[in-house]
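# Structural overview
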Amino acid sequence: MRVADLIEKKRNGGELSRKEINYLIAGYTAGTVPDYQLAAFAMAVYFRGMSARETLALTLAMANSGDMVSLSGIPGTVVDKHSTGGVGDSTTLVLAPLVASAGVPVAKMSGRGLGHTGGTLDKLEAIPGFQGGLSVDEMIRSLQRTGVAVVGQTERLVPADRKLYALRDLTATVESLPLIAASIMSKKLAAGADALVLDVKTGDGAFMKEPAAAFTLAEAMVEIGCGAGRETVAVLTSMEQPLGRAVGNALEIEEAIATLKGRGPADLTELCLLLGGWMLFLAGRVSQPEEGRSILQERITGGAAADKFKEMIREQRGDPAVVDHPDLLPQAAATVPVEAAEKGYVHRLRAEPVGRAAMILGAGREAAGAAIDFAAGVTLQKKVGDPVEPGETLAMLHLNCSPESGEAMEAGRLLRGAYEIGSSPVKKPPLILGHVDRAGRHHI
């Protein structure tokens, strides 16, 4: 078998067999297939696409390129949740302890933030002492003791994806749908959960800007998950404006705590109850997702969800006192209001510039490995549909730099530009656009 022949076959629109794809990925992982040949293969896939069978084979080959986590020792159906990324997306911080409090084990391997989207691991590490870098054995012990663990991805998990993703970034092939789906799902399959709920974002602050493309990606990922023997559902959600009102690591932890106590923003609460209902359904805990939603609301009202978050934090060596005393989280030295210049209603609040403003203040990183400021970020006082008066606060900057610094000025400029104020009232936009399961698309 020659790599050049496989590249030619795909370039000409042929379908590669599972054996051929395994040969290609194994060789690339081992270093016997060079970057330039995989770059040619990725470009062929970019233009020719892949069949469902090829995409599944590629995903499984990548998943098997390193360690495969076994969670067979955990009683019940272990569920994982994945988001394709956005601004203010703190759903995992709420969902992991919330669903675990209902008796369904949740195991999640998360990454760090890059660019305008935040990383779950960064957010959790804003909690004093919290350790996200647990080994697989430590993760399993945490699951056995508390039913929940959110940890960082190990270096030995899906090495083929790390190599291929870096190559795609340098060869303008990141936007290939089969390669996106295989990249996401290979990590999910290797992490060992029995069932998967995918939150596929679309809109200004998401990777997939258009709903049609997001639905197509969701279909591909659900087909991969089900084809690999994992019950999988994808929910399509809007990221036109940020989720919730907090953007920044400690700020989002504080908002997640409020949500677990029943005092969170309506949109974040709605999404967590919806996704959580699906997680309970896939785990066989309820017969319909709506039943799961009711159970989770009871866990919030009764305090079990917040108590489970304390357990999770304590298990991962953090200070559980933050749940009752959020002021123990990192606090910014100063807050600066961004004020409205005119009377009217918020017609639009673009998510991406809000995320970029938070990043400039230190809440995110422009390069992998860069330090972040846990206290920095943005809180939104007004969102789409809200009325505003001249001089009223639209948003608040939380910063540790000087309010007169270039960073603060640029963040304020970005935030003001993110808001569009109109004279007439507008309806709040829909958050949920539909879902994809084994039966196909279901639009709302």
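For the structure itself, consult the block above.
Figured I'd write up the structure that's included with this text. On a predicted model such as this, the values are computed, not experimentally measured, just so you know.

## A closer look at the overall build of the protein
- For the protein, the helix and strand inventory stands at 16 helices and 14 strands.
- On C-alpha atoms alone, the protein measures out to a radius of gyration of 22 Å, which is about the 22 Å that the 2.2 N^0.38 rule sets for 444 residues.
- Within the protein, the fraction of its 444 residues that count as buried is 57%.
- Restricting to contacts in the protein with at least 6 residues of sequence separation, those with at least 24 account for 77%.
- When the accessible surface of the protein is summed, it comes to about 17700 Å², and 51% of that surface belongs to carbon and sulfur atoms.

## Brief notes about the sheet that holds strand 8 (residues 344-349)
- Within the open sheet, the three strands sit side by side as 10-8-12. Their pairing is antiparallel. Lying at the two open borders of the sheet, with one neighbouring strand each, are strand 10 (387-388) and strand 12 (419-422).
- Bridge count for strand 8 against strand 10 is two bridges, and the pairing is antiparallel. Its bridge partner lying in strand 10, Y345 is registered against P387.

## Comments concerning the environment of G302
- With respect to the secondary-structure elements, G302 resides in helix 13 (residues 289-302).
- Accessibility expressed as a relative area gives 67% for G302, which makes it exposed.
- In sequence terms G302 and E291 are 11 residues apart; their C-alpha atoms lie 17 Å from each other.

## What about the pattern of salt bridges?
- Under the counting rule described, the total for this entry stands at 32 salt bridges.
- Between R2 and D5 there is a salt bridge, with the nearest N and O atoms lying 3.1 Å from each other.
- Given a relative accessible area of 51%, R2 falls into the exposed group.
- Ionic contacts of the salt-bridge type, sharing partners, join the residues D204, E240, R348, R350 and E420 into one network.

## Brief notes about the nonpolar core
- L124, I127, F309, V354, V378 and L415 are the most contacted members of the largest nonpolar core, which totals 80 residues.
- If sequence neighbours within four positions are ignored, F309 has contacts with L93, P97, L124, I127, I257, L260 and V323.

## Focus on helix 14 (residues 304-315)
- Its 12 residues give helix 14 an end-to-end C-alpha distance of 16 Å, which sits within 8% of 16 Å, the value for a rise of 1.5 Å per residue.
- Within the sequence span of helix 14, burial applies to A305, A306, K308, F309, K310, M312, I313 and E315.
- Residues of helix 14 that are buried in the fold lie against helix 5 (91-100), helix 6 (120-124), helix 7 (136-146), strand 3 (148-152), helix 11 (249-260) and helix 13.

## As for the environment of A418
- Looking at where A418 falls in the secondary structure, it is placed in helix 16 (residues 406-418).
- Dropping the residues within four chain positions of it, A418 is found in contact with R348, L349, R350, P353 and V354.

## Overview of helix 11
- Between its first and last C-alpha atoms helix 11 spans 17 Å; for 12 residues at 1.5 Å apiece the expected length is 16 Å, and the two agree.
- Counting buried positions over the 12 residues of helix 11 gives 11, a clear majority of the element.
- Within the sequence span of helix 11, burial applies to N249, A250, L251, E252, I253, E255, A256, I257, A258, T259 and L260.
- Among the residues trailing helix 11, G262 stands out with phi positive, at a value near 85°.

## Some words on the packing of helix 4 (residues 52-63) against helix 10 (residues 211-227)
- Direction vectors running N to C along helix 4 and helix 10 enclose 65°, while the axes themselves pass 10 Å from each other. Judged on the interaxial angle alone, helix 10 and helix 4 are roughly perpendicular. Here the hand of the crossing between helix 4 and helix 10 comes out right-handed. Where helix 4 approaches helix 10, its residues A52, T55, L56 and T59 are matched on the opposing element by E223, I224 and G227.
- Residues that form the contact of helix 4 with helix 10 fall into these classes: three nonpolar, three polar and one charged.

## Remarks on the sheet that holds strand 9 (residues 377-380)
- Pairing within the open sheet is antiparallel, and its four strands lie in the order 6-9-11-7. Looking at which strands have only one partner, the edges of the open sheet turn out to be strand 6 (246-247) and strand 7 (334-339).
- In this sheet, strand 11 (residues 393-399) lies alongside strand 7 in antiparallel orientation, the contact comprising six bridges. Its bridge partner being in strand 11, V336 is matched across the sheet by L397.
- The strands touched by helix 15 (residues 351-360) within the sheet are strand 6 and strand 9, with strand 9 carrying the most contacts at an inclination of about 140°.

## Some points on the side chain of T92
- Mapped onto the elements of the fold, T92 is located in helix 5.
- Only 2.9 Å separates the side chain of T92 from the side chain of K81, close enough to count as a polar contact.
- Discounting chain neighbours no more than four positions away, the residues touching T92 are K81, P97, K108, T120 and V150.

## Focus: the pairing of strand 8
- Judged from the four bridges that link them, strand 8 and strand 12 form a sheet pairing that is antiparallel. Within the sheet, the bridge partner assigned to Y345 lies in strand 12 and is G422.

## Describing the packing of helix 9 (residues 177-190) against helix 10
- Running from N to C, helix 9 and helix 10 point in directions that differ by 45°, and their axes come no closer than 9 Å. Viewed along their axes, helix 9 and helix 10 adopt a mutual orientation that is oblique. Here helix 9 runs over helix 10; the crossing is right-handed. Contacts between helix 9 and helix 10 involve L177, I180, A181, A182, I184, M185 and L189 from the first element and A213, T216, L217, A220, M221, I224 and G225 from the second.

Calculation criteria
Residues numbered from 1 in each chain as written. Predicted model: local features only at pLDDT ≥ 70, side-chain atom pairs only at ≥ 80, totals over all residues. Heavy atoms only, no water. Helix = DSSP H or I, 4+ residues; strand = E, 2+ residues; numbered from the N terminus. Rg over C-alpha atoms; globule rule 2.2 N^0.38 Å. Buried < 20%, exposed > 50% of the residue type's maximum accessible area, 1.4 Å probe, protein only. Contact = heavy atoms within 4.5 Å. Areas by Shrake-Rupley, 256 points an atom, 1.4 Å probe, with all protein chains shown as cover. Pairing = 2+ DSSP bridges. Salt bridge = Lys/Arg side-chain N within 4 Å of Asp/Glu carboxyl O. Core = buried A, V, L, I, M, F, W, Y, C linked by side-chain atoms within 4.5 Å. Expected span 1.5 Å × (residues − 1). Axes fitted to C-alpha atoms, helices over the stretch in contact; angles between N-to-C directions. Parallel < 35°, antiparallel > 145°, perpendicular 65-115°, else oblique. Left-handed = near helix turned anticlockwise from the far one by under 90°. Nonpolar A, V, L, I, M, F, W, Y, C, P; charged D, E, K, R; others polar. Polar contact = N/O pair within 3.5 Å; in protein donor to acceptor, adjacent residues only side chain to side chain.

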